[in-house]
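Each chain, letter by letter, is given below.
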Amino acid sequence: MENAAYFRKAAAVLAAPPSVVPAGLLAEVLARNYGLSGPVDILSSEVECTAEVRCPDDRRLILKISGQPTAADSFRFQSAAIAAVADADGFIAPRIVPTLRGELMFEADGVCGYLQSRLDGTPLYRLPATPGLLREAGRALGLLDLALGTDVLPAMHRPVLWHVRCWPGLMDLQHHLPPGAVAEAVRQTMADFERDIAPGLADVPWQVAHNDPSPFNTLATDDGIAFIDFGDGCYGPRIQDLAIAASHVVSDPSLPLGGAEHLIAGYAEALPLSGIEAGLLVELMKARQSALILINYWRSHLFPENAAYINKNVGRAERGLSILSALGASEAQEAVMAATR
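Here we summarise the structure given alongside this text. Just so it is clear, the structure is predicted and the values come from calculations on it, not from any experiment.

Once that is clear, we can look at unusual backbone geometry. The phi angle at Asp58 is positive, at roughly 75 degrees, despite the residue not being glycine. Within the secondary structure, Asp58 sits in the loop between strand E2 (49-54) and strand E3 (60-66). Of the residues examined, Asp58 reaches a relative accessible area of 71% and is grouped as exposed. Its identity is not glycine, yet Asp109 carries a phi of approximately 55 degrees, on the positive side.

Laid out in structure tokens, this is it:
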């Protein structure tokens, strides 16, 4: 699929309103596909319907469900990715609850979805970003990528707007940005990405990746670092997972990489970076921050009633982009190499 067609299909998924499933249908789906019952609470979600299920045996589970036609491929990928890392070491991930027929997901009567365990932990955005915690999170992410890199999963090539293939097309959304320094930084970053960085991505390893290890999707638990929400996962440059996670923790202007040094160091302990990856990383971090700003300003325009949830990461991205934009290319690569040493 050519990039323009890929972009249009990916944008259409996020332009659709969130899936709404009646509570009665949720209970029916649980009973029919899992033989389970219990109170169901709807949770915040941007695309599919997400609900917490409280079972009579005190288990708490997460149900992902949707009636949208595009959801089936996404759920095939998500459930397969979670199952693929079930026995991996060095990080925590949810467990898939199989249907009564022993399948990873259900699909019938106009709805589809899957059921997983609910993890107890604290999202990283609620915790102080200490060097030790960031290093631990980075190492866990490297181990997650190692685990995901061994599998070919269903629907891993489906259109995802957060994929690097879409980033040049995202500039079609720039009219939603408020005028000012942030808009100018986004335009410059995306022009640099398309001209200088995108061609180099052919020279780095590609694999299945989480594609959204943000501080909202990374938890600190009693048993270690956990990752949730594989909904944006797909086949792409492996280094993209590190770029995404690191882009979210750039906050200290007194440090060359704004504090992302610690997360990068932890990742490199588990999965060393090549010289090419080190040279691309900071520009990928900036491009991801710019993509986040563009997509979320656009989606908050489409769904103003949900703007607070959609824009939860925008302030962090804008601050991080302003810090990283002060670095020249050689300074950026040297800062990454210094962190990995």
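Looking at where Ser117 falls in the secondary structure, it is placed in strand E6 (residues 111-117). Residue classification places Ser117 among the buried residues on the basis of a relative accessible area of 18%. When sequence neighbours within four positions are dropped, the list of residues in contact with Ser117 reads Arg60, Leu61, Ile62, Pro94, Arg95 and Val97.

Inspection of the entire model under this criterion finds 23 salt bridges. For Asp41, the salt bridge identified is with Arg54, shortest N-O distance 3.0 Å. Of this pair, Asp41 sits in strand E1 (residues 40-43) while Arg54 sits in strand E2, placing them 13 residues apart in sequence. The exposure class assigned to Asp41 is partly exposed, which follows from its relative accessible area of 31%. Judged by its relative accessible area of 37%, Arg54 is partly exposed. The network of salt bridges with common partners includes Glu52, Arg60, Arg118 and Asp120.

A sheet is described by the order of its strands in space; here 3 strands give the open sequence E7-E9-E10, paired in antiparallel fashion. Both outer strands of the open sheet, strand E7 (122-123) and strand E10 (224-227), are each paired with one neighbouring strand and no more.

Locating Tyr6 in the fold gives a position in helix H1 (residues 3-15). As a C-alpha pair, Tyr6 and Asn306 span 300 residues in sequence and 26 Å in three-dimensional space. At 3.2 Å, the side chain of Tyr6 and the backbone nitrogen of Val160 are in polar contact.

Once that is clear, we can look at the nonpolar core. Among the nonpolar cores identified, the biggest contains 92 residues, and Leu161, Leu170 and Ile264 are the most heavily contacted of them. With near-sequence residues (within four places) excluded, Ile264 lies in contact with Leu242, Ala246, Leu257, Leu273, Leu281, Val336, Ala339 and Thr340.

The rules behind each value
- Residues numbered from 1 in each chain as written.
- Predicted model: local features only at pLDDT ≥ 70, side-chain atom pairs only at ≥ 80, totals over all residues.
- Heavy atoms only, no water.
- Helix = DSSP H or I, 4+ residues; strand = E, 2+ residues; numbered from the N terminus.
- Buried < 20%, exposed > 50% of the residue type's maximum accessible area, 1.4 Å probe, protein only.
- Contact = heavy atoms within 4.5 Å.
- Salt bridge = Lys/Arg side-chain N within 4 Å of Asp/Glu carboxyl O.
- Pairing = 2+ DSSP bridges.
- Polar contact = N/O pair within 3.5 Å; in protein donor to acceptor, adjacent residues only side chain to side chain.
- Core = buried A, V, L, I, M, F, W, Y, C linked by side-chain atoms within 4.5 Å.

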